[in-house]
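Close look at the chain arrangement
One letter stands for each residue in the lines below.
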Number of protein chains: 2
Amino acid sequence: MTGVTKFPARVRIVEVGPRDGLQNESATIALADKITFIERLAAAGLQDIEVTSFVHPKRVPQLADADELLGRLPRTDVVRYAALVPNMRGLERAIKAGVSRIGVLTAASDTFNRKNINMNTRESITALGPLVQRALEQGISVRGYVSTSWICPYEGPMDKHKVAEIVQELFALGVDEVSVGDTTGGAVPAQVEATLDRLLGVCPGERLAMHFHDTYGMAVANTYQALRMGISTFDSAAGGLGGCPYAPGASGNVATEELLYLCDRLGIETGVRLSGIRHASDFIGRVVGRTLPSRVLATGAGTEA
Amino acid sequence: MTGVTKFPARVRIVEVGPRDGLQNESATIALADKITFIERLAAAGLQDIEVTSFVHPKRVPQLADADELLGRLPRTDVVRYAALVPNMRGLERAIKAGVSRIGVLTAASDTFNRKNINMNTRESITALGPLVQRALEQGISVRGYVSTSWICPYEGPMDKHKVAEIVQELFALGVDEVSVGDTTGGAVPAQVEATLDRLLGVCPGERLAMHFHDTYGMAVANTYQALRMGISTFDSAAGGLGGCPYAPGASGNVATEELLYLCDRLGIETGVRLSGIRHASDFIGRVVGRTLPSRVLATGAGTEA
């Protein structure tokens with residue numbers, strides 16, 4: 001392409017469709033369909049798949065089958081199946097289910113945290129301490145998430161210095177990676193640049209993941225901005241599955257298909273095959289009963305002859 | 001935002017929905033609906049609207065009412081209504097209809113030109129000479145278009161030096177602006193950067209417009225790349241209307257809504273109101289009978305209380 005920008009040689013895709021995507025679907029999805037979806041994602045070459053959340057079943061009924069799901073996924077050394085864990089009770093369920101990797105969540109916004117978990121950001125990080133410790137003792141690796149890292153639906157723009165502090169505190173707890181989330185999808189690349197510039201001053205880029213939602217169509221542009229800055233881990237959802245309960249009509253995570261298309265055209269390796277993702281997206285699109293928002297999917301690209 | 005990148009203070013949006021968008025719709029659209037759509041676009045603050053094409057009615061039946069449409073649009077000093085003109089016969093129709101601005105088209109790809117107009121690129125530019133001259137003599141300003149500036153569906157990647165030559169030749173004919181088109185929507189920002197870097201070596205950025213399609217979800221990222229490089233004129237279509245006959249399932253031009261969202265968040269003025277564009281998009285979406293692809297539109301943003 002161009003000789004100016006140096007992109008990462010390889011991008012690691014963390015597929016979050018089964019969790020971040022499906023948790024927002026109104027249709028009830030059968031366990032067998034979730035497993036088929038996840039198996040197809042793995043067959044496409046994805047090695048990091050966030051499959052569910054050990055949240056209270058009443059809070060997210062869509063993921064109430066977390067324990068059984070984990071039990072029925074094929075054991076493999078190639079694919080890491082991860083699950084979100086909101087609290088100690090969820091962690092005990094995750095341990096019992098044999099999870100090898102968990103994600104723990106806080107948000108940059110105090111108000112967002114308070115509305116969701118009834119704690120402010122400081123209290124939430126304090127509460128994560130024993131959780132992370134217990135997981136690590138059990139040989140479970142931990143990923144941290146920071147929601148609303150750019151914009152809070154209640155507070156508006158977030159302070160990049162505060163986001164950097166939270167990221168540092170999560171690393172201090174023992175997480176090996178922090179996924180920095182644009183929960184509302186409202187960020188634009190210039191804001192991604194500013195926050196990322198700050199974050200790269202406090203931790204190596206290899207330990208950061210970007211988690212962009214495509215609510216306003218900015219996710220690919222934000223991804224490209226992060227790639228330019230050397231970020232090599234991105235969360236995405238097959239088909240662009242999902243949505244944000246706080247933004248009506250919002251589309252979900254950046255589509256895995258779009259991420260693949262971009263990486264492919266930039267000569268960046270992912271180890272993931274578009275035809276395999278299409279195979280998974282076509283299936284889950286039929287299950288949820290709607291056209292998934294991925295543009296690449298709509299073109300028919302990746303259809304096997 | 002960030003202090004590093006200097007964006008243009010103002011972006012000029014050239015709305016191409018009524019032409020590039022509607023020409024690809026399968027439903028027949030009534031003249032009155034086209035006029036309502038265009039009037040709403042103008043009311044939203046758009047000052048450059050490409051309303052139709054004086055192409056042979058048999059070739060694009062959707063735009064067979066070009067003459068009548070121009071005759072029925074309100075005369076105004078604020079809004080420039082432009083029309084595409086493929087040949088001398090079309091120009092005579094345009095002159096008769098009282099058009100004040102036309103667009104003339106060629107493509108970077110010889111094969112693409114040959115398939116569409118039965119001439120190679122060289123022959124096509126030669127043929128445009130008398131056309132542009134006749135228009136200018138009539139006091140009609142002329143915009144040039146270069147289709148397939150990055151990727152040709154038949155030939156593949158295009159040579160940026162060849163694109164630069166074509167742009168220079170169009171300026172030499174007397175056009176005041178060249179719209180550089182990613183017809184298939186296949187370009188990624190690194191390719192936009194490389195070609196634009198070359199183009200900015202042969203002409204001032206103020207005389208270039210970018211015309212991105214969102215087939216693979218790259219249009220906003222490509223727009224941002226061009227903004228970073230100082231480009232301040234962008235073609236877009238309300239709602240993301242349109243499509244490309246060469247890419248099945250493809251979405252259309254970058255949505256005017258997404259362009260507005262991006263500019264607004266970057267502090268760039270456009271003079272265009274999102275609520276006004278929504279008013280136009282909601283209308284034309286009902287007329288064409290489908291959900292338009294704009295993400296911003298889907299969120300409900302710009303809905304007036």
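Residues numbered from 1 in each chain as written. Chains lettered and ligands numbered in written order. Predicted model: local features only at pLDDT ≥ 70, side-chain atom pairs only at ≥ 80, totals over all residues. Heavy atoms only, no water.

Looking now at the overall build of chain A. Scanning chain A from terminus to terminus reveals twelve helices and ten strands. Relative to the globule expectation of 19 Å for 305 residues, the C-alpha radius of gyration of chain A, 18 Å, shows essentially globular dimensions. C-alpha extents for chain A along the principal axes are approximately 55 × 50 × 40 Å. When the 305 residues of chain A are sorted by exposure, 61% land in the buried category. Taking all contacts inside chain A whose residues are at least 6 apart in sequence as the whole, residues at least 24 apart take part in 75%. A total accessible area of about 11,300 Å² is found for chain A, and carbon and sulfur atoms account for 50% of it. Between the averaged position of the 31 positive side-chain charges in chain A and that of its 33 negative side-chain charges there is a distance of 2 Å. (Helix = DSSP H or I, 4+ residues; strand = E, 2+ residues; numbered from the N terminus. Rg over C-alpha atoms; globule rule 2.2 N^0.38 Å. Buried < 20%, exposed > 50% of the residue type's maximum accessible area, 1.4 Å probe, protein only. Contact = heavy atoms within 4.5 Å. Areas by Shrake-Rupley, 256 points an atom, 1.4 Å probe, with all protein chains shown as cover. Lys, Arg positive; Asp, Glu negative; His and termini not counted. Charge placed at Lys NZ, Arg CZ, Asp CG, Glu CD.)

This paragraph deals with the interface of chain A and chain B. Contacts between chain A and chain B engage 37 residues on the former and 37 residues on the latter. Note on chain A versus chain B: buried area summed over both sides is about 3,000 Å², and carbon and sulfur give 62% of it. In terms of surface lost to chain B, no three residues of chain A exceed A:Tyr216, A:Tyr261 and A:Arg295, which account for 23% of the buried area on that side. Summed over the shared surface of chain A and chain B, the number is four salt bridges. The closest approach of N and O atoms between A:Glu193 and B:Arg228, which form a salt bridge, is 3.9 Å. Counting across the chain A and chain B interface gives eight residue pairs in polar contact (both at pLDDT 80 or more). Looking at the side of chain A that touches chain B, the elements with two or more residues in it are α8 (189-199), α9 (219-228), α10 (256-265) and α12 (295-299) of chain A. Taken together, the residues that form the side of chain A that touches chain B break down as 20 nonpolar, eleven polar and six charged. (Buried area = accessible area lost by both parts, 1.4 Å probe. Salt bridge = Lys/Arg side-chain N within 4 Å of Asp/Glu carboxyl O. Polar contact = N/O pair within 3.5 Å; in protein donor to acceptor, adjacent residues only side chain to side chain. Nonpolar A, V, L, I, M, F, W, Y, C, P; charged D, E, K, R; others polar.)

A separate point is the side chain of A:Glu177. Residues and elements named next belong to chain A. Structurally, Glu177 is set in strand β8 (residues 177-182). Given a relative accessible area of 3%, Glu177 falls into the buried group. Separated by 3.4 Å, the side chains of Glu177 and Arg101 make a polar contact. Apart from the residues within four sequence positions on either side, Glu177 is in contact with Arg12, Arg101, Val142, Arg143, Gly144, Phe171, Arg207, Ala209 and Thr233.

A complete count under the given rule lists four cavities of 30 Å³ or more for this structure. Estimates place the volume of the largest cavity at around 220 Å³. What lines the largest cavity is a set of 26 residues, and nearest its centre among them are A:Asp214, A:Gly217, A:Arg295, B:Asp214 and B:Arg295. Looking at side-chain class alone, the lining of the largest cavity contains eight nonpolar, twelve polar and six charged residues. (1 Å grid on protein atoms, 1.4 Å probe; cavity = no way out; pocket = protein on both sides within 12 Å on 5 of 7 lines; lining within 4 Å. Points joined across faces, edges and corners; volume = space filled by probe spheres on them.)

This part covers unusual backbone geometry. In this model, A:Asn118 sits at a positive phi of 60 degrees, which is unusual for a non-glycine residue. Secondary-structure assignment places A:Asn118 in the loop between α5 (110-117) and α6 (121-137).

Here we come to helix α5 (residues 110-117) of chain B. All names here are of chain B. What α5 keeps buried is the set Phe112, Asn113 and Asn116. Taken end-on, α5 shows its buried residues confined to a sector of 95 degrees, consistent with a single buried face. Looking at the buried side of α5, the elements it contacts are β4 (101-107), α6 (121-137), β5 (141-147) and β6 (151-152). You can read the cap of α5 off the contacts: a side-chain oxygen lies 3.3 Å from the backbone nitrogen of Thr111, and it is on Ser109. In the segment just after α5, Asn118 is the residue with positive phi, at about 60 degrees. (Arc of directions from axis to C-beta.)

Residue and element names in this part refer to chain A. Burial analysis of strand β2 (residues 48-53) places six of its six residues in the buried class, which makes it a mostly covered element. In this sheet, β2 lies alongside strand β1 (residues 12-15) in parallel orientation, the contact comprising two bridges. Directly across from Val14, in β2, lies its bridge partner Asp48. Both β2 and strand β3 (residues 80-84) contribute to a ladder of five bridges, which runs parallel. From the neighbouring strand, Thr52 faces β3, where its bridge partner is Ala83. (Pairing = 2+ DSSP bridges.)

Residues with a pLDDT of 70 or more make up 95% of chain A, whose mean pLDDT is 94. With pTM at 0.96, the complex prediction returns an ipTM value of 0.95. (pLDDT = per-residue confidence, 0-100.)

Residues and elements named next belong to chain A. Taking strand neighbours around the barrel as the criterion, the eight strands line up as β1-β2-β3-β4-β5-β8-β9-β10 in a closed arrangement whose pairing is parallel. Across this sheet, the average inter-strand angle for adjacent strands is 25 degrees, counted without regard to direction. For β8 and strand β9 (residues 208-212), the ladder comprises five bridges, and the chain directions are parallel. From the neighbouring strand, Val180 faces β9, where its bridge partner is Met210. Along the sheet face, α10 touches β1 and β10 (233-236) and points at about 175 degrees away from the line of β1. (Axes fitted to C-alpha atoms, helices over the stretch in contact; angles between N-to-C directions.)

Between chain A and chain B, which share one sequence, the superposing operator has a rotation angle of 180 degrees and an axial displacement of 0.0 Å; the RMSD is 0.0 Å. The transformation just described matches what one would write down for a two-fold rotation axis. Scanning chain A for the C-alpha nearest the rotation axis identifies A:Ala221, at a separation of 1.9 Å. (Least-squares fit on C-alpha atoms with pLDDT ≥ 70 in both.)

Attention now goes to the side chain of B:Thr270. Mapping B:Thr270 onto the fold places it in the loop between α10 (256-265) and α11 (274-288). A polar contact of 3.1 Å, which involves the side chain of B:Thr270, links it to the backbone nitrogen of B:Val272.

All names here are of chain A. Remark: α10 packs on helix α11 (residues 274-288), axes separated minimally by 10 Å, with the N-to-C direction vectors making an angle of 170 degrees. Considered as vectors, α10 and α11 are oriented roughly antiparallel to each other. Within the contact between the two elements, α10 uses Thr256, Glu257 and Leu260 and α11 uses Leu274, Ile277 and Ser281. Its residues assigned to classes, the contact of α10 with α11 comprises three nonpolar, two polar and one charged. (Parallel < 35°, antiparallel > 145°, perpendicular 65-115°, else oblique.)

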